Amino acid sequence: MNKFRDFEKKWQEKWKKYKVFKVDNSSKKKKFYNLEMFPYPSGEGLHMGHSRNYAIGDVFARYKRLNGFNVLYPMGFDAFGLPAENAAIKTKTHPKEYTEKSIKNFISQLNALGNSYDWDRLVKTCSVDYYKWNQWLFLKFFNAGLIERKKAPVNWCNSCGTVLANEQVEDGECWRCHNKVELKLLEQWFLKITKYADELLHGIKDLEGWPEKIRLMQENWIGRSEGTLVDFKLKDTDEKIQVFTTRPDTLWGVTYIVYAPEHERVLEMVKGTEYESKVKKFIDKVSLEDRYSRTAEDKEKEGMFIGKYAFNPVNNEIIPIYIANFVLADYGTGVVMAVPAHDQRDFEFAKKYDIPIKVVIDPEDYSLDPEKMIRAYVDKGKIVNSDEKFNGSTNFESIPGINMYLEEMKYGKREIQYKLRDWLISRQRYWGTPIPMINCKECGYIPVNEGDLPIKLPLSVKFSGKGNPLLGVKDFVEAQCPKCGKVAKRETDTMDTFFDSSWYFLRYCSSDFKNGAFEEKSVKYWMPVDQYIGGAEHAVLHLLYARFFVKALRDMGFLNFSEPFLKLFTQGVVYKDGNKMSKSAGNIVSQDEMIEKYGVDSVRIFLLGLAHPSKTVEWNDEGIEASFRFLNRVYGLKDKAKSNSGFYDKHLTSKINKLIKEVGENIEKFNYNIALIKVMEFVNYLSKVKRDVSSKVFEDSFKKFLIVFSVFAPHICEELYEYHDEGYISLSDWPKYDKSKIDEKLEREDEFISDVVGDVHAVLKLVKVDNPKKLKLYIADKWKYEVYEKFKKLNTRFIREIMKEVMIKGKEKDISKLVPMLIKKGVGVILDRDVEIKLLKNNQRLLEKEFKLEIEIIEEDNGKALPFKPAILVE
RNA sequence: GCGGAAGUGCCAGAGUCUGGAAAAUGGGAAGGACUCAAAAUCCUUUGGCUUAGUGCCUACGCAGGUUCAAAUCCUGUCUUCCGCACCA
């Protein structure tokens, strides 16, 4: 359908054939690492949502490249993972086959989009060359004590048949398949990300190039809280019960203690007592529920007394011990002290089970009556019924003092808790990196020797659809203990694919490096990533894991920096018919189809001009036509220079300099939509420029414009550039702008002229000239531009006042009525030359009649006339 | 509940930091030029009223406030979207 397709393909082939975008690690230019989150290669191909995301990154890469940076802009594939395995089972192919096919398709689609990747650095996480280093890193983490096998309540997704990390559970559902997640007690491999909780948290404040939103999300996820560990004494024994509280000021108001039902000590305590069977029953009941519904805020609080008592260290009061569903086993110590008067949950529970309520904080102006309270009092107040040292003082302010007191008396100590849990990385699935561990009956779990890497994922396996197919591969499972040499069993769990994606950005720096996961020298040159671009959905997943990896690798001596991504840009989602564009929502607009119909450049500028890249947008079919039309206009300018022969170049010179400046600045801020608006305005201007511009200046400006525009529409710009210059526009230099050439005055003149054009139309209408052929407008010399400026700055009311004082020497009454309007529009401005405006009304037909109009304005202010004698002559 | 972002014309969306012209740019719609005709291109119009004079009124979620002047600053409020969510 369109002429663009031919040369679009031509240029894509040229770029590919001559490796135009290949980058070198030893360039003298300043480096710039521009990275998009690598995709999971699904079989479905790209839709407009993807296209937008990748176009955003490409514009930035091109921009930086033109600006003289050595730009690393690589692409790869997060190729392991469940969808491939599931798709394979469904279609009876092998995940490898499925993945390879998808990758091939992705590459061709990304190329069709015109993206300027250096494909020589392609990284596929499912290739042995890559996952070998996953295993190598696993061993390094293991040796550094950052990997642990432990039994813990874990999230189990039944439909995926594997465990999940906390970060991969959304609203109690599996992030991939949205199946309800169950809680299971299993022994699994964990990466000790919590060791870095504090640094991960503190590092956030230095991530100035990150969106506030993402920083907050990470902060909340890590969830630091300062509190106190307090020791209660279990009655009739010497044992202690340690609780975590952030409100030690309420310690004197504790009326019971609550254990999480699945806390390991609960069963111990009730063993052999009359409570044993009932407690067991309760635990069974609670553990049937998934974590999410159990911890919903509106969930009915349930629990039971377990027949034990403890002593409150500060006042020796004897208090009963309960178990209850609202207490979490894996936060704090899994035991809480309950202060029903000052904590809403404790209050509800106490009311339900008729436990006493003791007030220890009173509001400033009255006293609480425990009998009459309908909810807990959690605000600021004064301490009462507590130790005499603290009674009467303000509760929150007393916390440090109370903590000191507790530490002195050895009742407890300060403690910092995090919500962040260790990262569970085992997956009971096939399509992933085998965990390089061997389980020996004698020696336990022993890491594989580094020299035995890679532990290859066996390719011939049977997919039954249930369980991990690796379990049935005898050759794989049977192994020798690296320590004692006896027959042992190989670990069949594979790694969470987020392990793969936590360091791929290091691999790009030297993707074919053979002697390690990454080459120190090139990592030193390229890292950290200068600009990272991806979806906000990874805020607490990939983005947190990658930060952790970098810090851990730094501490192992492999890296010399602490944060992987200096700047982060999170792009918006594309919606259609009210839903996120996706295969499952059935509202996909395919990239191939749109490109075939309108051409790549149209697709690109449409997607980028729609709205700010960080915003979600609604797809509409009409807009892309406009983009196509716009490109047609640009294309139509290619021979225009030849017909120019004038000498009045100031305007154009100013415009082009301004364009270069503004587009550059807006791209830096990812205001692509604004940058495109500026481009469109410029093109509007270019297509209106008449013969009075010299062809040299026109051509020069046009060339500069092409370079600027090439970041958005590279194909058409390459094509047109060929007319004007040699080489690739993609490798040319971003034009320098000369600030002194940007003439705001001239810019205003333009504004003014277009205003005058409008006015003249009005004049014509008024004097009822039906079909004028020619109109000359002179604006006399004395009317300085400053006047126009002045009027702009004055407020409307003042202008109105002036208008009343306007004296008209006009000959025609009708015309005179127009004067206020003309003034309002700024008419009366002087250009420093005579301007002949030939109104091109109705295309090329010049207006015939000539008018003359004189206006004089006297300003009454201070009785002084304005120092000019304005006159507008419409001749 | 907590936290974040946002509410502008028929539609999408600028402008808000640095207060000053019914408010960019696209789209849609109407009229016109060109054409045998269409597409493309170009021009004009597009808040309301209107005695047609650029005259009046009304506008940037809603309600107030500051100011000669507010879409822009301040206060309150409503709505939408997105994160987190019994974390002791």
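Right above here is the structure, for reference.
Summarised in this report is the structure supplied together with it. Only a predicted model underlies this, so the values are computations on that prediction, with no experimental measurement involved.

Tallied over the entire structure, the rule returns 64 aromatic pairs. Both rings, one in F305 and one in Y322, keep their centres 5.6 Å apart while their planes meet at 55°; by these two values the pair is tilted. With F305 in strand β13 (residues 303-311) and Y322 in strand β14 (residues 318-324), this pair connects stretches of sequence that are 17 residues apart. This pair shows no difference in class: F305 is buried, exactly as Y322 is. Ring geometry for Y672 versus F712: centroids 5.9 Å apart, planes at 80°, classification edge-to-face. Remark: F712 occurs in the loop between α23 (695-710) and α24 (714-724) and Y672 occurs in helix α22 (residues 672-688); sequence separation between them is 40 residues. Each of the two residues, Y672 as well as F712, counts as buried. Seen from the ring of W15, R62 lies directly overhead, with NZ or CZ sitting 4.8 Å from the centre. We note K184 situated over the ring of W156; from NZ or CZ to the ring centre the distance is 4.2 Å.

One pass over the full model with this rule turns up 45 salt bridges. With its nearest N and O atoms 3.8 Å apart, the salt bridge here joins E212 to R215. Remark: R215 and E212 occur in helix α7 (residues 212-222); sequence separation between them is 3 residues, near one turn of the helix. On the basis of relative accessible area, R215 is assigned to the buried category, the value being 14%. One salt bridge connects R247 with D249, and the closest N-O pair in it is separated by 3.1 Å. D249 shares its class with R247; the two are buried. Connected via shared salt-bridge partners are E199, R547, K551, R554, D555 and E563.

Counting 187 residues, the largest nonpolar core has F505, F705, F709, F712 and I716 as its most contacted members. Every residue in contact with I716, bar those within four places of it in the chain, is listed here: F4, F7, D601, L631, V634, Y635 and F709. Judged by nonpolar contacts, the second largest core, of 56 residues, contains Y275, F282, M304 and M337.

The next point concerns helix α20 (residues 621-636). Taking 1.5 Å of rise per residue, the 16 residues of α20 would be expected to cover 22 Å, and the 24 Å separating its terminal C-alpha atoms lies within 8% of that figure. Burial in α20 covers these residues: G623, I624, S627, F628, F630, L631, V634 and Y635. One face of α20 carries all of its buried residues, which in axial projection span an arc of 160°. Across α20 from its buried face, at more than 90 degrees, point the exposed residues E622, R629 and G636. Here the buried face of α20 lies against α1 (4-17), α18 (591-598), α19 (600-609), α22, α23 and α24.

With an omega dihedral of -5°, the bond running from L453 to P454 counts as a cis peptide bond. If you trace the backbone, P454 turns up in the loop between β22 (444-447) and α13 (474-477). Of note, the phi angle at D236 is positive, near 70°, even though the residue is not glycine. Looking at the secondary structure, you find D236 in the loop between β10 (225-234) and β11 (240-245).

Once that is clear, we can look at the packing of helix α6 (residues 197-204) against α7. When two helices pack together, you describe them by how their axes are tilted relative to each other and by the distance separating the axes. Following both chains from N to C, one finds α6 and α7 inclined at 155°, their axes separated by 10 Å at the closest point. Here α6 lies roughly antiparallel to α7, going by the angle between them. Along this stretch, α6 crosses α7, giving a crossing that reads as left-handed. Residues A197, L200, L201 and I204 of α6 form the contact with α7, whose own contacting residues are R215, Q218, E219 and I222. Looking at the contact of α6 with α7 residue by residue, the class counts come to 5 nonpolar, 1 polar and 2 charged.

So, on to the pairing of strand β27 (residues 568-571). Neither face of β27 is open: one carries L568 and T570, the other F569 and Q571, and all of them are buried. Looking at chain direction, strand β26 (residues 531-535) and β27 are connected through 4 bridges and run parallel. Across the sheet, the residue bridging to G535 is Q571, located in β27.

To continue, consider the sheet that holds strand β1 (residues 30-36). Sheet architecture is open: 4 strands sit in the order β2-β1-β26-β27, paired in parallel fashion. The sheet is open, and its two borders are formed by β2 (69-72) and β27, each paired with just one other strand. For this sheet the average axis-to-axis angle between neighbouring strands, irrespective of direction, equals 20°. Sheet topology note: the β1/β26 ladder contains 3 bridges and is parallel. Bridge assignment links E36 to a residue of β26, and that residue is I533.

To continue, consider the sheet that holds β22. Spatial ordering of the open sheet is given by β22-β21-β24-β23, a layout of 4 strands whose pairing is antiparallel. Of all strands in the sheet, those bounded by a partner on one side alone are β22 and β23 (478-480). Ignoring strand direction, the axes of neighbouring strands in this sheet form an average angle of 45°. Note: strand β21 (residues 437-440) against strand β24 (residues 487-490), 2 bridges, orientation antiparallel. Residue pairing across strands places I438 opposite R490, the latter belonging to β24.

What counts as what
- Residues numbered from 1 in each chain as written.
- Chains lettered and ligands numbered in written order.
- Predicted model: local features only at pLDDT ≥ 70, side-chain atom pairs only at ≥ 80, totals over all residues.
- Heavy atoms only, no water.
- Phe/Tyr/Trp six-rings, centres within 6.5 Å; stacked < 30°, edge-to-face > 60°.
- Helix = DSSP H or I, 4+ residues; strand = E, 2+ residues; numbered from the N terminus.
- Buried < 20%, exposed > 50% of the residue type's maximum accessible area, 1.4 Å probe, protein only.
- Lys NZ or Arg CZ within 6 Å of the ring centre and 35° of its normal.
- Salt bridge = Lys/Arg side-chain N within 4 Å of Asp/Glu carboxyl O.
- Core = buried A, V, L, I, M, F, W, Y, C linked by side-chain atoms within 4.5 Å.
- Contact = heavy atoms within 4.5 Å.
- Expected span 1.5 Å × (residues − 1).
- Arc of directions from axis to C-beta.
- Axes fitted to C-alpha atoms, helices over the stretch in contact; angles between N-to-C directions.
- Parallel < 35°, antiparallel > 145°, perpendicular 65-115°, else oblique.
- Left-handed = near helix turned anticlockwise from the far one by under 90°.
- Nonpolar A, V, L, I, M, F, W, Y, C, P; charged D, E, K, R; others polar.
- Pairing = 2+ DSSP bridges.

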